[in-house]
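So the chains spell out like this:
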Amino acid sequence: ARAQGRNTRNSFTPDIGRAAVDRLLLENQLHQALDGNELVLFYQPQIDMLSGRMIAVEALVRWNHPVHGLLGPDHFIPLAEKSELVLPLGEWVVRTACQQMQAWHLAGLTHIKRVAVNLSARQFEQADLPAFVASILKETQLEAGHLELEITESVAMEKPERTIKILNTLLDMGIRLALDDFGTGYSSMTYLKQLPITTLKIDASFVRNIETDRYDAEICTATISLARKLGLNVVAEGVETPGQFRFLRNIECHEAQGFLISHPLPAAELAQFQPPPNPD
Ligand code: C2E
Ligand code: CA
Ligand code: CA
Ligand code: CA
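Residues numbered from 1 in each chain as written. Chains lettered and ligands numbered in written order. Predicted model: local features only at pLDDT ≥ 70, side-chain atom pairs only at ≥ 80, totals over all residues. Heavy atoms only, no water.

## So, the overall build of the chain
In terms of regular secondary structure, the chain is built from 13 helices and ten strands. Over its C-alpha atoms the chain spans a radius of gyration of 20 Å, differing by no more than 12% from the 19 Å that the globule rule assigns to 280 residues. In terms of principal-axis extent, the alpha carbons of the chain reach across some 65 × 45 × 40 Å. Every one of the 280 residues in the chain was classed for burial, and the buried ones make up 48%. A separation of at least 24 residues holds for 68% of the contacts in the chain among residues at least 6 apart in sequence. Counting every atom, the chain has about 14,400 Å² of accessible surface; 52% of that belongs to carbon and sulfur. (Helix = DSSP H or I, 4+ residues; strand = E, 2+ residues; numbered from the N terminus. Rg over C-alpha atoms; globule rule 2.2 N^0.38 Å. Buried < 20%, exposed > 50% of the residue type's maximum accessible area, 1.4 Å probe, protein only. Contact = heavy atoms within 4.5 Å. Areas by Shrake-Rupley, 256 points an atom, 1.4 Å probe, with all protein chains shown as cover.)

Now the structure itself:
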């Protein structure tokens, strides 16, 4: 009876409601995706810029959609954030990343020191984020220091005092905390001052023209110098060319992540991954 579904929707749904209907459809599907194992994590290597060795990975979620194929997070995370789905989705991501990390360690891939996981603002409104993370660590037997949680400045902006309290609890547990997309937010220095973090991630937008744009070059140089003085670990994102890599290494950036080194990979491929030789 649904065979003419396409026409049916066109004739019965006024244009103005189309987006809402699509959203509802997708939301329902995302709900099923969570139950039906359609979500997968890809892992992007982060390498030490001096040794060239992979020392960490960032977990990035994808939806293996039965019709649309592999969908990137930009297609469904914003939607999940508008509904309650972001909570079970976020929990699934933390649990899966920790399980994977523990599996790699048991398989002898102990050079991977951290798995980084992105958190949504909504996850900070959750009743007890630290207790949840603690239960996952216990369940997966993963050491707290092997988990890094990434937050953006906008996440912190929503309820700064509450967020800072939660971050401090996580830090006390030994979990690493990264400030993601650094420099793109509203008041980066204020957040840098207020938020208890261990890692700073320089946004790709500063890296892109680092060799040609004097401002980008100076901003990155100053940021890395400042971060080093504050005792933070610095990861540059979106490193795509040998020139960018060399520049960042010269200004003493610790770690690099980007297509030059590797695209995000499925877990099985990540386990086989060998970083390309460092550019001279
Ligand atoms: P992000 O945290 O800033 O992640 C980096 C994004 O840049 C990833 O896109 C990655 O694939 C892409 N990327 C990495 N290297 C390069 C490069 O050299 N050049 C370019 N042009 N891009 C590069 P992706 O996987 O599509 O993720 C997009 C965003 O979705 C992430 O941005 C993050 O904010 C969000 N996200 C991903 N996974 C999760 C998750 O599990 N939970 C939540 N809440 N958000 C997630
Ligand atoms: Ca991130
Ligand atoms: Ca980022
Ligand atoms: Ca980003």
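There is more to say, and it comes next.
## What to know about the site of ligand 1
Around ligand 1, the structure places 20 residues, and the nearest of them are Gln44, Arg62, Ser120, Glu240 and Phe259. Within the side chain of Glu58, a nitrogen or oxygen atom sits 3.3 Å from an oxygen atom of ligand 1. Side-chain polar atom of Asn118 to an oxygen atom of ligand 1: 3.1 Å apart, as the coordinates give it. Against a free-state accessible area of 800 Å², the protein chains account for coverage of 77% of ligand 1. Contributing elements (two or more residues each) for the shell around ligand 1: β2 (54-65) and β6 (176-182). The greatest single-element share of the shell around ligand 1, amounting to four residues, is contributed by β2. (Near = heavy atom within 4 Å. Polar contact = N/O pair within 3.5 Å; in protein donor to acceptor, adjacent residues only side chain to side chain.)

## Describing the coordination of the calcium ion (ligand 3)
Here the calcium ion (ligand 3) is held by Asp180 (OD), Asp181 (OD), Glu237 (OE) and Glu237 (OE), and the distances to it run 2.2 to 2.4 Å. One chain supplies every donor to the calcium ion (ligand 3), and in sequence these donors are spaced D-D-x55-E. Residue classification places Asp180 among the buried residues on the basis of a relative accessible area of 6%. By relative accessible area, Asp181 is classed as partly exposed at 26%. (Donors = N, O, S within 2.8 Å, 3.2 Å for Na, K, Ca; no water.)

## What to know about the packing of helix α6 (residues 129-140) against helix α8 (residues 160-172)
As a packed pair, α6 and α8 sit with axes 9 Å apart at the nearest point and diverge in direction by 25 degrees. By the angle between their axes, α6 is roughly parallel relative to α8. Crossing of α6 against α8: the hand is right-handed. Between α6 and α8, the residues in contact are Leu129, Pro130 and Val133 and Ile166, Thr169 and Leu170, respectively. Residues that form the contact of α6 with α8 fall into these classes: five nonpolar, one polar and no charged. (Axes fitted to C-alpha atoms, helices over the stretch in contact; angles between N-to-C directions. Parallel < 35°, antiparallel > 145°, perpendicular 65-115°, else oblique. Left-handed = near helix turned anticlockwise from the far one by under 90°. Nonpolar A, V, L, I, M, F, W, Y, C, P; charged D, E, K, R; others polar.)

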